[in-house]
Structure formats: structure tokens, C-alpha cells
Amino acid sequence: MLIGALGDIHGAFDTVHEIMERHTDVPLWVQVGGVASNEGEYFTPRAPLYWIKGNNEDFDVVAAAIAGRSLAPTLHYLPNGGPHVVGPWRV
């Protein structure tokens, strides 16, 4: 099984969609660093995306994710510190 990795997308959601579309054989992705756009927007990834907060996040969104209220069914927040189970891996 493959795992995709992204870093500091900072709102480049179209680029992430293109990457995921090119790599449909990758069933899930891990993203470290900033996800939100400069305007504080988030997105619904095409494939499951597990993310660790970065410096430009909307921390109300992070707090909601910690409380179990994700913004999208394919967007999964990983609190800092881990380890976490992501698919068959421990990260």
C-alpha cells in the first residue's frame, strides 16, 4: 500500500486535486504544515488527507477538529505529538 505526502499546501487546493488525480493508486495522504489558504479557507480532498496543523491555520477550525467536527469527510486532523494510526501505518 502506498501513502502520499504533501507539505505546506497553504490553500493550493487545485494543485492538490491535480496531484491526487494523477496518483489515484495512492489511497491516502499525509500533509504536514499549513493547509488553510491565506483567507482561512479549507477544502474537501478527493482522497483521505491526514493533516498536522501549520502556522497559518484557523485555530477555531483546529479546535473543532480536535473535538471531532471535521470540515470534510476526507479531511482528518492529527493533533501534534502522535503517534497516530493512518491506514496500516503508525505515524
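Owing to the predicted nature of the structure, the values given are computational and were not obtained by experimental measurement.

This next bit is on the overall build of the protein. When helices and strands are tallied, the protein shows two helices and six strands. Walking the protein from its N terminus toward its C terminus, one meets helices and strands in the order β-α-β-β-α-β-β-β. Taken over C-alpha atoms, the radius of gyration comes to 12 Å for the protein, in line with the 12 Å a tight globule of 91 residues would show. Its C-alpha atoms give the protein principal-axis dimensions of about 35 × 30 × 20 Å. The proportion of buried residues among the 91 residues of the protein is 42%. The long-range share in the protein, meaning contacts at least 24 apart out of those at least 6 apart in sequence, stands at 55%.

Its location among the elements puts Thr74 in the loop between helix H2 (59–66) and strand S4 (75–77). A polar contact of 2.7 Å, which involves the side chain of Thr74, links it to the backbone oxygen of Pro45. If we ignore the near neighbours within four places in the chain, the residues touching Thr74 are Thr44, Pro45, Ala47, Pro48 and Leu49.

Moving on, we come to the pairing of strand S3 (residues 49–52). Summarising the sheet, strand S2 (residues 29–32) and S3 pair through four bridges and their orientation is parallel. Among the inter-strand pairings, Trp29 is bridged to a residue of S3, identified as Leu49. Pairing of S3 with S4 involves three bridges; the strand directions are parallel. Bridged to Trp51 within S4 is Tyr77.

Reading the values: the criteria
Residues numbered from 1 in each chain as written. Predicted model: local features only at pLDDT ≥ 70, side-chain atom pairs only at ≥ 80, totals over all residues. Heavy atoms only, no water. Helix = DSSP H or I, 4+ residues; strand = E, 2+ residues; numbered from the N terminus. Rg over C-alpha atoms; globule rule 2.2 N^0.38 Å. Buried < 20%, exposed > 50% of the residue type's maximum accessible area, 1.4 Å probe, protein only. Contact = heavy atoms within 4.5 Å. Polar contact = N/O pair within 3.5 Å; in protein donor to acceptor, adjacent residues only side chain to side chain. Pairing = 2+ DSSP bridges.

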